[in-house]
Amino acid sequence: MQPKIHVFVKQIIQETPSVKRFVLVSKEGADLPAFSAGSHVTTFLNTAAGTLERHYSLVQAPAITDHYEIAVQLHAQSQGGSAYWHHQVSEGTELFISYPKNHFSLSFRAKHHVFYAAGIGITPFLSMMAELVAQGRSFELHYAAKSREMCAFYETLQKTYRDSCHLYLSADPDSSRMRPDGMRQQRIGTHVYFCGPETMVNQFQEAARSYGYPQQSIHFELFAPPAPMLREPFLVELWQSKRTISVGSDQSLLAALLAAGIKSPYSCRVGRCGTCAVEVLSGEVAHYDSVLSEKERAAQDVMMTCVSRAVHNKLVLSL
Amino acid sequence: MQKQRYLLLMDETGESASHDLRNELAASSLPVEVHPVTLESLHRSELTALLFRQWIGTYLYLLVSWPLLEPLRQLAEDAGFSEQEMECHGLGPHTRQVFCSACQKMNQTEDETVISCHFCGEELSVSEHYSKRLQAFLGYTSIR
Ligand code: FES
């Protein structure tokens, strides 16, 4: 089990009609673990339906460790996470969170950083920009929101990053749209970072590649795991444990392994960290992760159980 | 990466050696820029400015004699070119400068990894550390 930190909610700030910012402080009164720009924490929410694990970026400057701040957007079709944060949590609520993890870190070698955020996708960039300012490195932010009222952190951005910040308001007929072509005329050594819904991230990734960005200079974070195209149930034979388990169409392989009591380490659960990798002995894998390279995918001997599935009805794993 | 244009830097040796490559690039329909370099031009700001003003999508070729290759590669890296965005070709006899950490003198070597210093006789292992200031690889005395 991963170690957890006991915290309580010290303050709640309504950023926009649908976004709240929560200030979390250690229950022990101690400083919280240091973190790097772009980090997130997993929050464990005790709901009637069981424990919900949700990931949120830390939005304050990495130099600050006497509290953590996260921002949560209330989703209309919330599966419980954001609704819980918005409706059940009040100042004083206690909960457990994970240690900070980072699957979306700043490149050390980049000469210039360009961030593209859609909606609540702004969150990981807040700690990144604070870090870059502290280091005197160059960056620019492109941020699309519905309107001025729905634009989380508008004041902070205007106050602190006025010159490096470009806003695009989709409900405002006078405002321009956020487009990928701005990435074209960037100097060599530029790295680009995207955070937002899957369609936006995919569109920007594809554009960046077509403009000549090498894969290593393209970074992204998705809100949710990419929806697998193949969602057929399948069987996995576990070679060492001599068992066969079935994976339902509404279930990930990781979830099926855990449900069957198989010890399976995992962390991000969105195919980004590589923790859940297992060896594949036979069968064809439909890969949906962003850890493996093209070559590793083609080799078909390892898969991320949190997102990837079987192409046909069966896989044999070395587990 | 999806190349948008080519930039080719070459010295005298590179000029004849790059014949085929230049034909190939010319046939590619992407813009090609060719610039001559010499040991002297390394220290001129024009070369630095040329590399630093390149845009994303530029693919860099270096075709130069060995002593010029490492300093040029370093300069390109400082400008922001990554391994995926350049190709380096050293030409002619492969000599490199190795700086003796014991007597602080410069040795001309080929590609040996261990040499004995021509001046003090110390045994030096040639590191991958290239000093821009000395324009040489650092030769460390082995710890005995
Ligand atoms: S748990 Fe992170 S890749 Fe699967």
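Residues numbered from 1 in each chain as written. Chains lettered and ligands numbered in written order. Predicted model: local features only at pLDDT ≥ 70, side-chain atom pairs only at ≥ 80, totals over all residues. Heavy atoms only, no water.

Draft legend 1. Structural view of the overall build of chain A. In terms of helices and strands, chain A carries 6 helices and 18 strands. In terms of C-alpha radius of gyration, chain A reaches 21 Å, essentially the compact-globule figure of 20 Å for 319 residues. In terms of principal-axis extent, the alpha carbons of chain A reach across some 60 × 50 × 35 Å. Here chain A holds 319 residues, and 51% of them are scored as buried. (Helix = DSSP H or I, 4+ residues; strand = E, 2+ residues; numbered from the N terminus. Rg over C-alpha atoms; globule rule 2.2 N^0.38 Å. Buried < 20%, exposed > 50% of the residue type's maximum accessible area, 1.4 Å probe, protein only.)

Draft legend 2. Layout of the sheet that holds strand β14 (residues 277–282) of chain A. Residues and elements named next belong to chain A. Here 5 strands make up an open sheet; going across it, the order is β13-β12-β18-β14-β16 and the pairing mixed. With partners counted over all chains shown, the strands left at the sheet margins are β13 (243–247) and β16 (302–304), one partner each. Neighbour-to-neighbour, the strand axes of the sheet open up by a mean angle of 40°, direction not taken into account. Where strand β12 (residues 234–238) and strand β18 (residues 314–317) come together, 4 bridges link them in parallel fashion. Bridge pairing in β18 links Leu238 to Leu317. (Pairing = 2+ DSSP bridges. Axes fitted to C-alpha atoms, helices over the stretch in contact; angles between N-to-C directions.)

Draft legend 3. Molecular detail of the domain arrangement of chain A. Residues and elements named next belong to chain A. According to the domain assignment, chain A consists of domain 1 (4–98), domain 2 (112–221) and domain 3 (234–317). Facing the 17 residues of domain 1 at the interface are 14 residues of domain 2. Both sides together, the interface formed by domain 1 and domain 2 hides about 1,200 Å², and carbon and sulfur atoms give 69% of it. Joining domain 1 to domain 2, the criterion identifies 0 salt bridges. Viewed at the interface, domain 2 and domain 1 are joined by 1 residue pair in polar contact (both at pLDDT 80 or more). Residue assignment for the side of domain 1 that touches domain 2 shows that the elements contributing at least two residues are β1 (4–16), β2 (19–26) and β5 (68–73). (Domains from an automatic or database assignment. Contact = heavy atoms within 4.5 Å. Buried area = accessible area lost by both parts, 1.4 Å probe. Salt bridge = Lys/Arg side-chain N within 4 Å of Asp/Glu carboxyl O. Polar contact = N/O pair within 3.5 Å; in protein donor to acceptor, adjacent residues only side chain to side chain.)

Draft legend 4. Just the pairing of strand β6 (residues 106–109) of chain B, in detail. Of the two faces of β6(B), only the one carrying B:Asn107 and B:Thr109 is buried; B:Met106 and B:Gln108 on the other face are not. Hairpin connection from strand β5 (residues 96–100) of chain B to β6(B): 5 residues lie between these consecutive antiparallel strands, with B:Gln104 at a positive phi of about 60°.

Draft legend 5. Representation of the UniProt feature "domain: Dimethylamine monooxygenase subunit DmmA-like C-terminal" (unreviewed entry) in chain B. Under the UniProt annotation, the feature "domain: Dimethylamine monooxygenase subunit DmmA-like C-terminal" (unreviewed entry) is placed at residues 97–139 of chain B. Between the C-alpha atoms that bound residues 97–139 of chain B the distance is 9 Å, and the span itself is 0% helix and 56% strand. (UniProt positions renumbered as here; feature names shortened; annotations may be inferred.)

Draft legend 6. Structural view of the domain arrangement of chain B. Residue and element names in this part refer to chain B. Domain annotation of chain B identifies domain 1 (5–91) and domain 2 (96–141). Just the C-alpha atoms count here: the centres of domain 1 and domain 2 sit 27 Å apart. Counting residues at the interface gives 5 residues for domain 1, matched by 4 residues for domain 2. Between domain 1 and domain 2 the total buried area reaches about 460 Å² when both faces are included, carbon and sulfur atoms providing 56% of it. Its largest share of buried area at the contact with domain 2, domain 1 owes to Glu70, Pro71 and Gln74, together 64% of the area lost on that side. The interface formed by domain 1 and domain 2 contains 0 salt bridges.

Draft legend 7. Highlighting the sheet that holds strand β7 (residues 114–116) of chain B. Residues and elements named next belong to chain B. Across the sheet, 5 strands lie side by side as β6-β5-β9-β8-β7; this open sheet has mixed pairing. The strands lining the two open edges of the sheet, one partner per strand, are β6 and β7. Between one strand axis and the next, the sheet turns through 45° on average, direction left out of account.

Draft legend 8. Geometry of the confidence of the model for chain B. The predicted model of chain B averages 90 in pLDDT, with 99% of residues at 70 or higher. Predicted as a complex, the structure gets a pTM of 0.78 and an ipTM equal to 0.76. (pLDDT = per-residue confidence, 0-100.)

Draft legend 9. Expanded view of the pattern of salt bridges. All names here are of chain A. All told, the structure shown has 8 salt bridges over all chains when counted by the stated rule. Of the charged contacts in the structure, one is a salt bridge between Lys314 and Glu237, with a shortest N-O distance of 2.9 Å. One end of the pair, Lys314, is in strand β18; the other, Glu237, is in strand β12, and 77 residues separate them in sequence. A residue is classified by how much of its surface remains accessible, and Lys314, at 37% relative accessible area, is partly exposed.

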